[in-house]
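Read off the chains here:
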Amino acid sequence: MAENSNGIRPLVAGNWKMNGLAAALTEAAAVRDALPSLGTGAPEVMICPPATLLSQLASTSRGSALAVGAQDCHPSASGAHTGDISAEMAKDAGASAVIVGHSERRADHGELDRIVQAKASAAHRAGLSAIICIGETNGERVAGLTLTVVERQLRGSIPGTADKTNTVIAYEPIWAIGTGLTPSPNDVAEVHAAIRKNLEDRFGADGLSMRILYGGSVKPSNARELLSLPNVNGALVGGASLKAEDFLAIIRAYA
Ligand code: 13P
């Protein structure tokens, strides 16, 4: 088992966002089929496809090392919420985790911290891990507010049901998403250290063992440097997770 700081097994998760028709499942299958050759040093690997592909990906990945996650869930278990899916439905379709509070949902759907917290709580209720996303805008960064924003989001978005097994934090600076830009290694390490301290203050020993992923323009060429930083326990990868070759190159940065 690959371990970095705090003896935590890393997680490399691919967020396909609103990309992928059924034909894209061949990319996921190529990732799945390559995992056994990575051996015991491999990180945990997950793909979060659009909801339309969840069940198909879960059934073709069953029994393999590839985990499957959803990209969002509604706080309620069921009801009159046209177009939404619940955490229970994602679990029923074969997901073991769900991303909540991604900046694109916070921006496109006006999701506030308390909604994100309710969604994370729903994930726990359904027996899913919550991958809770946080991160500052460029304006907040330039104004020197990164740590203030991140700490506010942590306080507001993580439910009291969180523990080291059911919660993953993903730090995704909004200005780094899909732009090819990344913070300096020192900046990533500083923010992740602040997140770790915050988690430890609130959750004690569990806070020391929760995974903190970095996300935002992770690609094969920068993965090794970003993923070797202290308190970086894996990556949440967007664009580079769509092609098996690139995603596997990122995974191998840990293996
Ligand atoms: P990119 O890797 O495309 O920058 O996206 C990151 C992200 O938003 C993952 O959730």
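A quick note: this is a predicted structure, and the numbers were derived from the prediction, not measured.

A. Main features of the side chain of glutamate 136. In this fold, glutamate 136 is placed in the loop between strand E5 (129-134) and helix H6 (138-142). Put simply, glutamate 136 is tucked away with no salt bridge, and the nearest opposite charge, on arginine 141, sits 5.1 Å away. A polar side-chain atom of glutamate 136 sits 2.8 Å from a polar atom in the side chain of tyrosine 171.

B. Highlighting the sheet that holds strand E2 (residues 44-48). Spatial strand order, E1-E2-E3-E4-E5-E6-E7-E8: eight strands in a closed barrel with parallel pairing. Recorded for the sheet is a direction-independent mean angle of 25 degrees between the axes of neighbouring strands. For E5 and strand E6 (residues 167-171), the ladder comprises five bridges, and the chain directions are parallel. Opposite isoleucine 131, over in E6, you have valine 168 as the bridge partner. Sheet contacts for helix H7 (residues 146-157): E5 and E6; angle to E5, the most-contacted strand, approximately 150 degrees. Here helix H11 (residues 244-252) sits on the sheet and contacts strand E1 (11-15), E2 and strand E8 (234-237); the angle it forms with E1, its principal contact strand, is near 160 degrees.

C. A look at the packing of helix H1 (residues 25-34) against H11. With their axes 9 Å apart at the nearest point, H1 and H11 run at an angle of 35 degrees to one another. Note that H1 runs across H11; the crossing there is right-handed. Within the contact between the two elements, H1 uses Glu27, Ala30, Val31 and Ala34 and H11 uses Ala244, Phe247, Leu248, Ile251 and Arg252. The class makeup of the residues in the contact of H1 with H11 is seven nonpolar, no polar and two charged.

So, how was this worked out
- In this numbering scheme, every chain counts its residues from 1 along its sequence in written order.
- Thresholds applied to this predicted model are a pLDDT of at least 70 for local features of residues and 80 or more for the giving and counting of side-chain atom pairs; totals over whole chains, interfaces and linings are not thresholded and use all residues.
- Calculated side-chain values reflect all of the structure's heavy atoms, with hydrogen atoms and water omitted.
- In DSSP terms, a helix is any run of H or I states spanning at least four residues, a strand is any run of E spanning at least two, and both are numbered starting from the N terminus.
- In this scheme, a residue with accessible area under 20% of its type's maximum is buried, one over 50% is exposed, and one in between is partly exposed, where area comes from a 1.4 Å probe on protein chains only.
- Neither His nor the chain ends contribute to the count of charged residues, in which Lys and Arg are positive and Asp and Glu negative.
- Salt bridge, as used here, is a side-chain nitrogen of Lys or Arg placed within 4 Å of a carboxyl oxygen of Asp or Glu.
- N or O atoms closer than or at 3.5 Å make up a polar contact, with two conditions inside protein: a donor-capable atom paired with an acceptor-capable one, and, for residues adjacent in sequence, both atoms drawn from side chains.
- By this definition, two strands are paired if DSSP reports at least two bridges between them.
- Axis lines are fitted to C-alpha atoms, over the contacting stretch for helices. Their N-to-C directions set the angle, which ranges from 0 to 180 degrees.
- Residues are treated as being in contact if the distance between any of their heavy atoms lies within 4.5 Å.
- Left-handed is the label given to a crossing in which the near helix is rotated counterclockwise from the far helix by less than a right angle, and right-handed is the label when the rotation is clockwise.
- Nonpolar residues are Ala, Val, Leu, Ile, Met, Phe, Trp, Tyr, Cys and Pro. Charged residues are Asp, Glu, Lys and Arg, and all others, Gly as well, are polar.

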